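Given next are the chains, with one letter for each unit.
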Amino acid sequence: MSQKATDGPTLESWVEGAGIEFIDEKAKADYQERAQRFADAIRGDNPDRVPVNLLSTFYPVLHAGYTPAEAMYDAEKLQDALLTFVDDLDPDVFPWALPTVPSGTALETVGYNGFDWPGDGSAPETVYQAKEREYMGVEDYEDFMKDPTDFILRGYVPEIFDSLDGMAQFPQSANLTCGIAGVHPYLLPFGMPPVREAIENLLEAGEQAMHWQQVVGGTVAEIQASGYPQSFGGITLAPYDMLGDMLRGTRGIMMDLKRRPDQLLEAIERITPLAIEMGISSSFAMNNPLVFIPLHKGADGFMSGEEFETFYWPSLRAVIEALLELDLVPWLFAEGCYETRLETISDLPEGEMIWHFQDIDMGRAKDILGDQACIAGNVPTSLLNTREPEAVTEYCEDLIEEVGTERFVLAPGVGLDEAKPENVEAMFQAVR
Amino acid sequence: MSQAFVNALADLEEDRAITMAEDRLEAGEDPLDVLDDLKKGMSIVGDRYAADEYFIPDLMYAGEIIEQISELLQDEMPEQEAETVGTVVLGTVKDDIHDIGKDLVYFMFDLNGFEVIDLGVDVPVQEFVDAVEEHDPEIVALSGFLTAAFDSMKETVEALEEAGLVEEYEEGKVRDGRKVMIGGGQITDDVRNYVHADGFENDAPAGVALAKEWTGKHMEA
């Protein structure tokens, strides 16, 4: 790892808006005021009020009246949705990131089969569904352990992309250490039709992704330049989830927990440096210190307390620690219920971070973690979807009353898709 | 009864339990006795889950062990009519493919003597209607993890009402006849009311307890 703390984004550089070409001085001042509020909340440094971070996947799209499928296949519609969302709600931070809504066309070009998405597998008006197959079989553990990156490139990629079968015949990079004799074996696969086809599909998908980046990424940059700090920076996962979400699947990893715990633990250790690197490199690429870490398979019920302390927490803690060492800000998003995990996760390395909860006694979370971390959450989607604005206002006010205004960010309990716009508005107004 | 076998099952000692089942069958024991012990062992597993001693991976593991032992038993067992405490039509609703919660509900209901008709995941509204007509269940159990499931649940209940298969919903009142239960990670009482369900739970043992309460009432009615 070559990055030094001084090279990368920090909360300070984010508050300044370093690297953003603001449209005018007012936009810069607005940006800094909003970012300062958010940073103050994170640090427990007396923010002028509680900020709202409306963590969203498809909400801006639905808010603007488009279907998620329209957004995934028409960059201009997504662009319009994002601008409408910001215009209507004047949010404290722009709570959305481009990678969460990629080009559906590009996904089709490579035949991505890890998720169903709106317009391909899922109904146009609905959202993603992770398929959670065992893309990495039990028999693959040995290859994975030998060289995780090589396994992902030549074993996993052909499994998860139907149109990249040829990647299975990609050359091993280690060949290149054989001097001139290594070059021919390295080049040869690129002459084979399946590899060429995979590369052609990648080139085409790359062009589609680039178009997406230009239109949608351009809009995100425009939104920042007009004064809205982006609350999404980098992303990484807990090492256990890295294995469980997309390699072994929920069932697969749960069976590993029971049938081959030693092997599982070894694989978690093996993948931890990759989780760290993913968080750092994505954050540096976005020039944004906030590293989103959605937590999936360590929630209450998904394993015992002892298993959490053995298989989930130590490696996640190592990721948090490595990010903090570079002055990055981990944003742990604990999906599901985390009630029984609170004591364990209170053993935190020192540094600024956010713990965002879906389902927890927020007062207790504040008591246990409040000195060490900013907590965020947990307005339920059930409330935002099915009730009236008054109920939302009451919930938000009660919540703030309970947890106080220091080191707290008001946020939905999940990455928001469907919600009544008037209820979202009520959530924003509750703090103003 | 073999206490050692029951214990091996309850403690999820996969290899040991399977070897013991094989040995008992080879020794000519009545497969029904083995089945009886299997149920006893799994009943302990269910109790431990309800008591937060076991968790989802343990139940899944138990499911794998049951499957293997059931396969051993299958060839040697006479067809039998099992007594049930009630029938449940279960499925994950339209536009949602999450199966873990639903499978846990299946496991716990089955363990507790319910006959469970499992329709799978992403179940179209009409399929629920057809299954309710066919199986005449006391309870329709709708599972869903996504927010999108709220509307699918609502549509499903509406279709059941329209088909006259459940009574019209009245706020604050549990239906007299066939009842609708919903469950899932994001389900709250607000969602229950939105969906027009009679009850909701967030975990499988609580769902069983509610179903037992309901079927008790149902039988009195």
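Calculation criteria
- Residues numbered from 1 in each chain as written.
- Chains lettered and ligands numbered in written order.
- Predicted model: local features only at pLDDT ≥ 70, side-chain atom pairs only at ≥ 80, totals over all residues.
- Helix = DSSP H or I, 4+ residues; strand = E, 2+ residues; numbered from the N terminus.
- Rg over C-alpha atoms; globule rule 2.2 N^0.38 Å.
- Buried ≥ 20, exposed ≤ 12 C-beta atoms within 10 Å, placed from the backbone.
- Expected span 1.5 Å × (residues − 1).
- Bend = angle between axes of the 7 residues up to and from the residue.
- Contact = placed C-beta atoms within 7 Å.
- Nonpolar A, V, L, I, M, F, W, Y, C, P; charged D, E, K, R; others polar.
- Domains from an automatic or database assignment.
- Pairing = 2+ DSSP bridges.
- Axes fitted to C-alpha atoms, helices over the stretch in contact; angles between N-to-C directions.
- Core = buried A, V, L, I, M, F, W, Y, C linked by C-beta atoms within 7 Å.
- Right-handed = clockwise from strand over helix to strand, strands pointing away.
- Parallel < 35°, antiparallel > 145°, perpendicular 65-115°, else oblique.
- Left-handed = near helix turned anticlockwise from the far one by under 90°.
- pLDDT = per-residue confidence, 0-100.

## Re the overall build of chain A
Stage number 1. Of regular secondary structure, chain A possesses 18 helices and 9 strands.
Stage number 2. Whereas a compact globule of 432 residues would reach a radius of gyration of roughly 22 Å, chain A reaches 22 Å, a difference of no more than 12%.
Stage number 3. Along the first, second and third principal axes, the C-alpha atoms of chain A reach 65 × 50 × 45 Å.
Stage number 4. Relative to its 432 residues, chain A shows a buried fraction of 49%.

## Remarks on helix α10 (residues 193-225) of chain A
All names here are of chain A.
Stage number 1. For α10, spanning 33 residues, the distance from its first C-alpha to its last is 46 Å, which sits close to the expected 48 Å at 1.5 Å a residue.
Stage number 2. The largest bend in α10 amounts to roughly 30 degrees and is located at Q213.
Stage number 3. Where the residues of α10 are buried, they touch α5 (75-89) and α6 (104-110).
Stage number 4. At the exit of α10 stands G227, carrying a positive phi of roughly 120 degrees.

## Side note on the interface of chain B and chain A
Stage number 1. Of the residues lining the interface, 19 residues belong to chain B; the matching set on chain A comes to 25 residues.
Stage number 2. Among the secondary structure elements, those contributing two or more residues to the side of chain B that touches chain A are α4 (56-74), α7 (148-162) and α8 (189-195) of chain B.
Stage number 3. Per element, the largest residue contribution to the side of chain B that touches chain A is 4 residues, and it comes from α4(B).
Stage number 4. Taken together, the residues of the side of chain B that touches chain A sort by class into 13 nonpolar, 4 polar and 2 charged.

## Thoughts on helix α5 (residues 100-111) of chain B
Residues and elements named next belong to chain B.
Stage number 1. Over its 12 residues, α5 extends 16 Å from the first C-alpha to the last, a length consistent with the 16 Å expected when each residue adds 1.5 Å.
Stage number 2. The buried count for α5 comes to 12 of 12 residues, which makes it a mostly enclosed element.
Stage number 3. The complete set of buried residues in α5 reads I100, G101, K102, D103, L104, V105, Y106, F107, M108, F109, D110 and L111.
Stage number 4. Immediately beyond the C-terminal end of α5, within one or two residues, lies G113, with a positive phi of roughly 90 degrees.

## Quick look at the domain arrangement of chain B
All names here are of chain B.
Stage number 1. Partitioning chain B into structural domains gives domain 1 (3-74) and domain 2 (86-220).
Stage number 2. Taking only C-alpha atoms, the centre of domain 1 and the centre of domain 2 are 28 Å apart.
Stage number 3. Facing the 8 residues of domain 1 at the interface are 6 residues of domain 2.
Stage number 4. When the residues that make up the side of domain 1 that touches domain 2 are grouped by side-chain class, the tally is 5 nonpolar, 3 polar and no charged.

## A word on the sheet that holds strand β1 (residues 115-118) of chain A
All names here are of chain A.
Stage number 1. Strands sit in the order β2-β1-β3 across an open sheet of 3 strands; the sheet is mixed. At either margin of the open sheet sits one strand with a lone partner, and together these are β2 (121-122) and β3 (129-130).
Stage number 2. In terms of strand pairing, β1 meets β3 through 2 bridges, oriented antiparallel. By the bridge assignment, D116 is partnered in β3 with Q129.

## Comments concerning the environment of B:I182
Stage number 1. With respect to the helices and strands, B:I182 occurs in strand β4 (residues 179-183).
Stage number 2. Not counting residues within four places of it along the chain, the set of residues in contact with B:I182 comprises B:L142, B:M153, B:I187, B:V191, B:R192, B:V195, B:A197 and B:F200.

## Topic: the sheet that holds β4(B)
All names here are of chain B.
Stage number 1. Spatially, β2-β1-β3-β4-β5 is the arrangement adopted by the 5 strands of the open sheet, whose pairing is parallel. For this open sheet the edge positions go to β2 (114-118) and β5 (199-201), each flanked by a neighbour on one side alone. Averaged over neighbouring strand pairs, the angle between their axes works out to 25 degrees when direction is ignored.
Stage number 2. Pairing analysis gives 3 bridges linking β4 to β5, with the strands arranged parallel. From the neighbouring strand, I182 faces β5, where its bridge partner is F200.
Stage number 3. Contacts from helix α6 (residues 125-135) reach β1 (86-92), β2 and β3 (139-143), with the element oriented near 170 degrees to β1.

## Comments concerning the nonpolar core
Stage number 1. The biggest cluster of nonpolar side chains holds 196 residues, and the ones touching the most others in it are A:I354 and B:I182.
Stage number 2. Per-domain counts for this core show at least three residues from each of domain 1 (3-74) and domain 2 (86-220) of chain B.
Stage number 3. When neighbours within four sequence positions are excluded, A:I354 is seen to be in contact with A:I42, A:V329, A:W331, A:L332, A:A373, A:C374, A:A376 and A:V409.

## Describing the pairing of β2(B)
Residues and elements named next belong to chain B.
Stage number 1. The two faces of β2 differ: F114, V116 and D118 on one face are buried, but E115 and I117 on the other face are not.
Stage number 2. Pairing of β1 with β2 involves 5 bridges; the strand directions are parallel. Looking at β2, one finds that L90 is bridged to D118.
Stage number 3. Crossover β1 to β2 through α5 is right-handed.

## A word on the pairing of strand β7 (residues 354-359) of chain A
Walk down a regular strand and you will see the side chains alternate between the two sheet faces.
Residue and element names in this part refer to chain A.
Stage number 1. The buried fraction of β7 amounts to 6 of the 6 residues, a majority that puts the element mostly inside the structure.
Stage number 2. When strand β6 (residues 329-337) meets β7, the two strands line up parallel, connected through 5 bridges. Residue A334 lies in a different strand from β7, and its bridge partner there is F357.
Stage number 3. Sheet topology places β7 next to strand β8 (residues 374-379); 4 bridges connect them, and they run parallel. From the neighbouring strand, F357 faces β8, where its bridge partner is G377.

## Looking at the packing of α6(B) against α7(B)
All names here are of chain B.
Stage number 1. Two numbers describe how α6 lies on α7: the axes approach to 9 Å, and their chain directions differ by 40 degrees. Here α7 runs oblique to α6, going by the angle between their axes. When the axes of α6 and α7 are compared, the crossing they make is right-handed. Taken together, the residues of α7 that come into contact with α6 (itself represented by V125, F128, V129 and V132) are E155, T156, A159 and L160.
Stage number 2. Class assignment for the residues of the contact of α6 with α7 results in 6 nonpolar, 1 polar and 1 charged.

## Section: the confidence of the model for chain B
All names here are of chain B.
Stage number 1. Confidence along chain B averages 91 in pLDDT terms, with 96% of residues attaining 70 or more.
Stage number 2. Note on residues 217-221: pLDDT is under 50 here. Beyond four places in sequence and across chains, it has 2 contacts.
Stage number 3. Complex prediction metrics read pTM 0.92 and ipTM 0.91.

## Regarding the environment of B:T188
Stage number 1. By the element assignment, B:T188 lies in the loop between β4 and α8.
Stage number 2. Separated by 11 residues in sequence, B:T188 and B:G199 have C-alpha atoms that sit 9.7 Å apart.
Stage number 3. If we skip the residues at most four places from it in the chain, B:T188 touches A:P380 and A:S382.

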